[in-house]
Amino acid sequence: MYEKKPVGLGKHLDFIILDFFILQISLLLGFLIRFGAEFSDRLNSYALVAAVFGLSCLFVSVFHEGYKDILKRGLYIEFVELLKNTVFIALFTALWLFIMHEASSVSRLGIGYSYVIYFVLSYLIRNLVKLAIVKNAKETRGSRSMIVVCLERKAESFLERIKENSFDVNIQGVVIADKDMKGGKIGDIPIVANASDAVEYICRSWVDEVFIGKITNDDMPEFTAKLKRSCREMGITIHTMLLPIGSDPENYVAERMGDFLVLTQSAAIVTRRDMAIKRLMDIAGGLVGCIITCVLFVLVAPWIFIASPGPIFFSQQRMGKNGKPFKIYKFRSMYMDAEKRKEELMAQNKVQDGMMFKMDNDPRIIKGIGHIIRDYSIDEFPQFFNVLKGDMSLVGTRPPTLDEWEKYELHHRRRLAIKPGLTGMWQVSGRSTITDFEEIVKLDTKYIDEWSIGLDIKIILKTVLVVLKRDGAQ
């Protein structure tokens, strides 16, 4: 029988409950420091803030990954994460009190004292609790006996990684499946068996669990199948490694698909919660952007039509997430024959290999209004309709045209592992000054690999500054 480890919020429920009580104690101390003997006259105000603090703690626990890898974090990382946690609680509390029109009825100084006390107390108590948990886990390693089965060439690094990241098991021995090394040692762990007598050793020894490394049929035909079958027959828990040493476990997830248990690999694995937050940001930004677009239409539409009679909006087919085509919209900043003249101007393209098209002093741009709306990225505003519709995101990668897409090599396609965006890492890192398409691909893939809600917010703020400064505008 094996006790399944909790996942999600349940994995760190102890720290969440601990933070809740520390927050309430901090509030009490903060109000006592602020009001002293008059505290009894402020009970209604105190009760209101106590309830809001409780909601804040719950909200931040759900929507901020402040407890991820908490047992592995050092003092500095813990300081930073706790500071973020405190700021988020403060923002949620302030927003709630403002919306409910209660901000003026509570003591801001008392709440301020509470945040300071919470940060200091939580930092000290968290680190003490973590030390106690890790120490206890190391002292009680003997409560679960594990045998590791692996190949000789991977044994040392394999065992090291298990010991570093698993405090609750005691590795009693290792079975080297492809060599007879019985009687030797790897570090301080004895080699207890080889492929021929592994089952017999497990049967006659104290073994709670067996961890089987990445051993394919090419390495040891039928060995792992026989070992698993024998362990199941003995009722021993079996762990089978799915990922090779050196792979990034954050890009893999085990899940059900129909009646099958599958190992899913992607360029980036994100939580449903994070995607919901990103989509909410897109909807909020899309609504605001669409309103601004309507105002801009009134201002620029007559000017565009007078300078170059024709449609005010320009639409073009682009390639979206994973190659799904969609129609993009912009304010028209070029003359009506711009697409036809593009082939004539390809020799002046600044981007190597024609993977994108950019040139200095593009003659296709409408004189006057065309340069103005491009300098300040006004032509991009109709894309907020694409964002609201769901074809694009506020932040992502630049969507390629159909002819650019057809030139893509395998590694270029990784840019489209996410929705294209109004702005992105490339746009805030130089815009038109970066003319090497491979450099653009590197920036886009860097964004995909390192994606977070915080990174999106940072890019959005940088985009505003870039547009206002007109950096790299063409």
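Keep in mind that what you see is a predicted model, and the values were worked out from it rather than measured. (Residues numbered from 1 in each chain as written. Predicted model: local features only at pLDDT ≥ 70, side-chain atom pairs only at ≥ 80, totals over all residues. Heavy atoms only, no water.)

Colleague: How should I be thinking about the overall build of the protein in this particular structure?
Modeller: Along the backbone of the protein there are 14 helices and 12 strands. In the protein, which comprises 474 residues, the proportion classed as buried is 44%. Relative to all contacts within the protein whose residues are 6 or more apart in sequence, the contacts with residues 24 or more apart total 71%. For the protein, the accessible area works out to roughly 26,400 Å², and carbon and sulfur atoms hold 61% of it. (Helix = DSSP H or I, 4+ residues; strand = E, 2+ residues; numbered from the N terminus. Buried < 20%, exposed > 50% of the residue type's maximum accessible area, 1.4 Å probe, protein only. Contact = heavy atoms within 4.5 Å. Areas by Shrake-Rupley, 256 points an atom, 1.4 Å probe, with all protein chains shown as cover.)

Colleague: Would you take a moment to explain the environment of Y408 for this structure?
Modeller: Mapped onto the elements, Y408 comes out in the loop between α12 (402–406) and β12 (421–423). Y408 sits in the buried class, given a relative accessible area of 14%. Within polar-contact distance, the side chain of Y408 engages the side chain of R415 at 2.6 Å. (Polar contact = N/O pair within 3.5 Å; in protein donor to acceptor, adjacent residues only side chain to side chain.)

Colleague: Please clarify how the nonpolar core should be interpreted in this entry.
Modeller: Counting 27 residues, the largest nonpolar core has L394, M425, F437, Y447 and I459 as its most contacted members. Those elements giving two or more residues to this core turn out to be α8 (272–307), β10 (325–331), α11 (383–389), β11 (393–395), α13 (437–449) and α14 (453–469). Element by element, the count of residues in this core is highest for α13, at six residues. Ignoring any residue separated from it by four or fewer positions in sequence, one finds I459 in contact with V395, T423, G424, M425, V428 and Y447. Listed in part, the 22 residues of the second largest apolar core include L27, F35, C57 and Y123. (Core = buried A, V, L, I, M, F, W, Y, C linked by side-chain atoms within 4.5 Å.)

Colleague: Sorry if this is basic, but what is going on with the packing of aromatic side chains here?
Modeller: Any pair of aromatic rings gets described here by the distance separating the centres and the angle formed by the planes. All told, the structure shown has 15 aromatic pairs when counted by the stated rule. For the ring pair F53 and Y115, a centre distance of 5.6 Å and an interplane angle of 20 degrees mean the geometry is stacked. With F53 in helix α2 (residues 43–63) and Y115 in helix α4 (residues 108–139), this residue pair connects regions lying 62 residues apart in the sequence. In this pair, the class of F53 matches that of Y115, namely buried. Ring-pair connections join several aromatic residues into one group, and the members of that group are F31, F35 and Y46. (Phe/Tyr/Trp six-rings, centres within 6.5 Å; stacked < 30°, edge-to-face > 60°.)

Colleague: For this particular structure, what's the right way to read the pairing of strand β8 (residues 260–265)?
Modeller: Within a regular beta strand, the side chains point alternately toward one face of the sheet and then the other, so they alternate between its two faces. Along β8, only zero of the six residues are buried, which leaves the element largely exposed. The sheet contact formed by strand β7 (residues 252–257) and β8 spans six bridges and is antiparallel. Directly across from A254, in β8, lies its bridge partner L263. With antiparallel pairing between neighbouring strands as the criterion, β7 and β8 make up a hairpin whose turn holds two residues, including G258 at a positive phi of roughly 65 degrees. (Pairing = 2+ DSSP bridges.)

Colleague: Honestly, the packing of α2 against helix α3 (residues 75–99) in this entry has me stumped. Any pointers?
Modeller: Between two packed helices, what matters for the description is the angle formed by their axes and the separation of those axes. Closest axis-to-axis distance for the α2/α3 pair is 9 Å, and the angle between their directions is 130 degrees. On the basis of the axis angle, α2 is oblique to α3. Considering only the axes of α2 and α3, their crossing is right-handed. Of α3, the residues touching α2 (which contributes L48, V52, F53, L55, S56, F59 and V60) are N85, F88, I89, F92, T93, W96 and L97. (Axes fitted to C-alpha atoms, helices over the stretch in contact; angles between N-to-C directions. Parallel < 35°, antiparallel > 145°, perpendicular 65-115°, else oblique. Left-handed = near helix turned anticlockwise from the far one by under 90°.)

Colleague: What exactly am I supposed to notice about the pairing of strand β2 (residues 170–176) here?
Modeller: Taking burial as the measure, the seven residues of β2 include five buried ones, the bulk of the element. Sheet topology note: the strand β1 (residues 145–150)/β2 ladder contains six bridges and is parallel. Of the residues in β2, the one forming a bridge with C150 is I176. Sheet analysis places β2 next to strand β4 (residues 189–194), joined by three bridges and oriented parallel.

Colleague: Got a minute to help me understand the pattern of salt bridges in this structure?
Modeller: Close approach of charged atoms allows side chains of opposite charge to pair. Throughout the structure, instances matching the rule amount to 15 salt bridges. Here D391 makes a salt bridge to K389, at a shortest N to O gap of 3.6 Å. Taking relative accessible area as the criterion, D391 reaches 17% and is therefore assigned buried. Overall, K389 belongs to the exposed group, its relative accessible area being 64%. Here E404 makes a salt bridge to R398, at a shortest N to O gap of 3.0 Å. An identical accessibility class is assigned to E404 and R398; each is buried. Linked by salt bridges that have partners in common, D19, R73, E78, R126 and K130 make up one network. (Salt bridge = Lys/Arg side-chain N within 4 Å of Asp/Glu carboxyl O.)

Colleague: Sorry if this is basic, but what is going on with the environment of K324 here?
Modeller: Looking at the secondary structure, you find K324 in the loop between β9 (313–319) and β10. For the pair K324 and K419, spaced 95 residues apart in sequence, the C-alpha separation works out to 9.6 Å. Ignoring anything within four residues of it in the chain, the contact list for K324 reads R318 and M319.

None of the figures reported here should be taken as evidence of function without further support.
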